[in-house]
Every structure is written in C-alpha cells, then in structure tokens.
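Examining the three-dimensional arrangement
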Amino acid sequence: MPAAVRRAKGTELPDAPLPSGEHPEAGLLQPVATAVRFLYRLALASLAIGAAGLLAGTEPGPLWGGSHLCAEARSTFGADTFTRIFQPHAGVGVTARPSYCTDHVDGAQRLYHFLGSFPSWLLVLGILFLLNRLIRGASREGVFTARAAKHLRVAGWWLLLGCLFAEAVEAAAREALLATLAREHTFTVGSWLGAWQTPYAGVLMALGILTFARIMRAGVAMREDLEGTV
C-alpha cells in the first residue's frame, strides 16, 4: 500500500501485524473501542453487585426496588393554591403531576417496578456486549470483513427490536404499578397505549446502523471481487 494512502485521514497503518496480535486496522476503532470496553465492564460489575445484594437480602438499589417506591401519574392538574406557594408571574398558571408513593410494597408492585426499568437496562447491556464483540473481532481480523458487517447488522436489529420491546414492557409495567397505587386509575389497553412513547432516537439509530452494515457488506464484497480479479 502506498505511504500516501496509508497516511491519509487517520493513523498510519503499519506494514506488519502489531506485536499484541491486533490487526493493523485496530487503530481505526478508537476512541469508541475504549469507551465501549469501559462501559461494558462497568455494566457487568453493576450487574454482579446487584445480584450479590439481591442474594444477600440487602438493598440492591433502585433497579431492583426496595421497601419504598413511587409511581407518577401521567395527567396534570392546576390549583389556585399553587400560585400562593410557587408565586408565578401575573398571567402564569401552575400545574402539578401527582406522585403516589408507598412504604408497604408487595410482590406484584416490586415486579412492576422492576419491569419499569430493567428492559432498558438489558437493552443497553446487550448492545454493549454486541459492540464489544464487534470490536474484539475487528481488532483481530480487520474492520472491513464480512464478519464485522454481520456483527454490526446483529447489533442494529437488537437495538431496533429491543428499544420497541423495552418501551412496550416498561409502559405496561408503569401503568400496572400506578393502578395498584391510585384508586381512580385502572390498567387497560387504552392506558397502556397512552403511556407508550415511541423511541424515535433508538429507531433512527438502529436504522442507521443497519444501513451502514449493508454498505459495509457491499464494500467487503467489492473488495473481495477486486482481490480475486487482481
């Protein structure tokens, strides 16, 4: 490869494999490789600490739920008494959103509270695992390979389906928990759909990853054709 090409727009690629066994293209994965590895290890450590606390019977943190939990209503209301407490400017109204809390948590409420946040956490852990696998493989074999494109495609599908599934489960769990705390609230399909919030950012990011995976796979195929021709 000409030196001018190897030096263009990035770190110079060495002529021989690195002593550590990494592929010469491993430098192209920085700085995201370091960030993903750190976050993945941090997530695994948090999971281990939470599991150990759960088995030991101690308070493992807000993810698992403790002896006190709250659920916030989706509807807001206004009251004249708020204007005396918060003192808004003239012509400005004040609204509030009630939060229902309890110190007597039963098993169902604890489960709803757990499902209200765990799917998103699992989604993040899964995408970190897939990206870490992608980075490890690309560091050994190179970035522009069919295997790297496949791993990237799997990560895109995981993010696309996972963000939709996580939002559906968490919305249902939040509504079910609120129904156990507020008498005027009942859990129905309508209330569940009303609590649903489309994860536009996750969907768009997943579509971008899938598109880039297709482009990468096409580029790998073109390179293999060129190498076969040469």
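Look above for the structure.
Below or above, wherever it landed, is the structure these notes cover.

Counting 27 residues, the largest nonpolar core has Leu 29, Leu 152, Leu 159 and Met 216 as its most contacted members. Contributions of two or more residues to this core are made by α2 (32-56), α5 (118-141), α6 (146-181) and α8 (200-229). Sort the elements by how many residues they give to this core and α5 lands first, with eight residues. Aside from chain neighbours lying at most four places away, what touches Met 216 is Val 143, Phe 144, Thr 145, Ala 148, Ala 149 and Leu 152.

Right, let's talk about the packing of aromatic side chains for a bit. Applying the stated rule across the entire model yields three aromatic pairs. Residues Phe 114 and Phe 118 carry aromatic rings whose centres are separated by 4.7 Å and whose planes lie at 20 degrees to one another, so their mutual orientation is stacked. Judged by its relative accessible area of 18%, Phe 118 is buried. Taken together through their ring pairs, the aromatic side chains of Phe 114, Phe 118 and Trp 121 make up a single cluster.

Tallied over the entire structure, the rule returns one salt bridge. Note that Glu 167 and Arg 174 form a salt bridge whose closest N and O atoms lie 3.5 Å from each other. Judged by relative accessible area, which is 34%, Arg 174 ranks as partly exposed.

Our focus in this paragraph is the environment of Phe 129. Turning to its location among the elements, Phe 129 is positioned in helix α5. Distance in space between the C-alpha atoms of Phe 129 and Leu 39 is 9.8 Å, their sequence separation being 90 residues.

Another aspect to go through is the pairing of strand β1 (residues 69-72). Burial along β1 is one-sided: Leu 69 and Ala 71 are buried, while Cys 70 and Glu 72, pointing the other way, are not. For β1 and strand β4 (residues 99-102), the ladder comprises four bridges, and the chain directions are antiparallel. The partner of Cys 70 across the bridge, within β4, is Cys 101.

Take a probe with the size of a water molecule and roll it over the atoms, and the empty space left behind shows itself. Estimates place the volume of the largest pocket at around 390 Å³. Elements supplying a minimum of two residues to the lining of the largest pocket: α2, α5, α6 and α8. Counting residues per element, the lining of the largest pocket draws most heavily on α8, which supplies six residues. Partitioned by chemical class, the residues of the lining of the largest pocket number 16 nonpolar, one polar and one charged.

The subject of this paragraph is the packing of α5 against α6. Packing of α5 against α6 leaves a shortest axis separation of 9 Å and a crossing angle of 175 degrees. It follows that α5 is roughly antiparallel to α6 by the angle criterion. When grouped by side-chain class, the residues that make up the contact of α5 with α6 number 17 nonpolar, four polar and four charged.

Applying the stated criterion to the full structure yields one disulfide. One disulfide bridge connects Cys 70 with Cys 101, the sulfur atoms lying 1.9 Å from each other. Its S-S torsion of approximately 110 degrees makes the covalent link between Cys 70 and Cys 101 right-handed. Here the residue Cys 70 occupies a position in strand β1, and Cys 101 occupies one in strand β4, the gap between them amounting to 31 residues.

As a further point, take the packing of helix α4 (residues 107-115) against α6. At a minimum axis separation of 8 Å, α4 and α6 run at an interaxial angle of 150 degrees. By the angle between their axes, α4 is roughly antiparallel relative to α6. Judged by the sense of rotation from one axis to the other, the crossing of α4 with α6 is left-handed. Of the residues in α6, those in contact with Gln 109, Tyr 112, His 113 and Leu 115 of α4 are Val 169, Glu 170, Ala 173, Ala 176, Leu 177, Thr 180 and Leu 181. A breakdown of the residues in the contact of α4 with α6 according to their chemical character gives seven nonpolar, three polar and one charged.

Positionally, Glu 170 belongs in helix α6. As a buried residue without a salt bridge, Glu 170 has its nearest oppositely charged side chain in Arg 174, at a separation of 4.0 Å. Other than its neighbours up to four places away in sequence, Glu 170 contacts Leu 115, Gly 116, Ser 117, Phe 118, Pro 119 and Ser 120.

Parameters and conventions
Along each chain, residue indices are assigned from 1 in the same order as the chain's sequence is written. Only residues with pLDDT of 70 or above have their local features reported here, since the model is predicted, and side-chain atom pairs are shown and tallied only from 80 upward, although totals for entire chains, interfaces and linings are computed over all residues. Hydrogens and waters are ignored; side-chain quantities use all the structure's heavy atoms. Put simply, buried Ala, Val, Leu, Ile, Met, Phe, Trp, Tyr and Cys residues joined by side-chain atoms within 4.5 Å make one nonpolar core. Remark: exposure states derive from per-residue accessible area (1.4 Å probe, protein chains only) relative to the maximum for the residue type, with buried under 20%, exposed over 50%, and partly exposed in between. The way it works is that DSSP assigns letters per residue, a run of H or I at least four long becomes a helix, a run of E at least two long becomes a strand, and they are numbered from the N terminus. Two residues form a contact once any of their heavy atoms are found within 4.5 Å. In this scheme Phe, Tyr and Trp rings, the latter by its six-membered ring, pair at centre separations within 6.5 Å, and the angle between planes marks the pair as stacked below 30 degrees, edge-to-face above 60, and tilted otherwise. Any carboxyl oxygen of Asp or Glu within 4 Å of a side-chain nitrogen of Lys or Arg constitutes a salt bridge here. Only when DSSP finds a minimum of two bridges between them are two strands counted as paired. Method remark: on a 1 Å grid restricted to protein atoms, a set of points is classed as a cavity if a 1.4 Å probe fits but cannot get out and as a pocket if it is open with protein on both sides within 12 Å along at least five of seven lines; lining residues have an atom within 4 Å of a point. Grid points are joined across faces, edges and corners, and a volume is the space filled by probe spheres set on the points. Note on residue categories: nonpolar means Ala, Val, Leu, Ile, Met, Phe, Trp, Tyr, Cys or Pro, charged means Asp, Glu, Lys or Arg, and polar means any other residue, Gly included. All axes here are fitted lines through C-alpha atoms, helices being fitted over the stretch that makes contact, and every angle between N-to-C directions spans 0 to 180 degrees. The labels follow the angle: roughly parallel below 35 degrees, roughly antiparallel above 145, roughly perpendicular from 65 to 115, and oblique for the rest. For the purposes of this analysis, a disulfide is any pair of cysteine sulfur atoms at a distance within 2.5 Å. The handedness criterion is simple: a crossing whose near helix is rotated anticlockwise from the far helix by less than a right angle is left-handed, and one whose near helix is rotated clockwise is right-handed. Positive charge is attributed to Lys and Arg, negative charge to Asp and Glu, and no charge count is given to His or to the chain ends.

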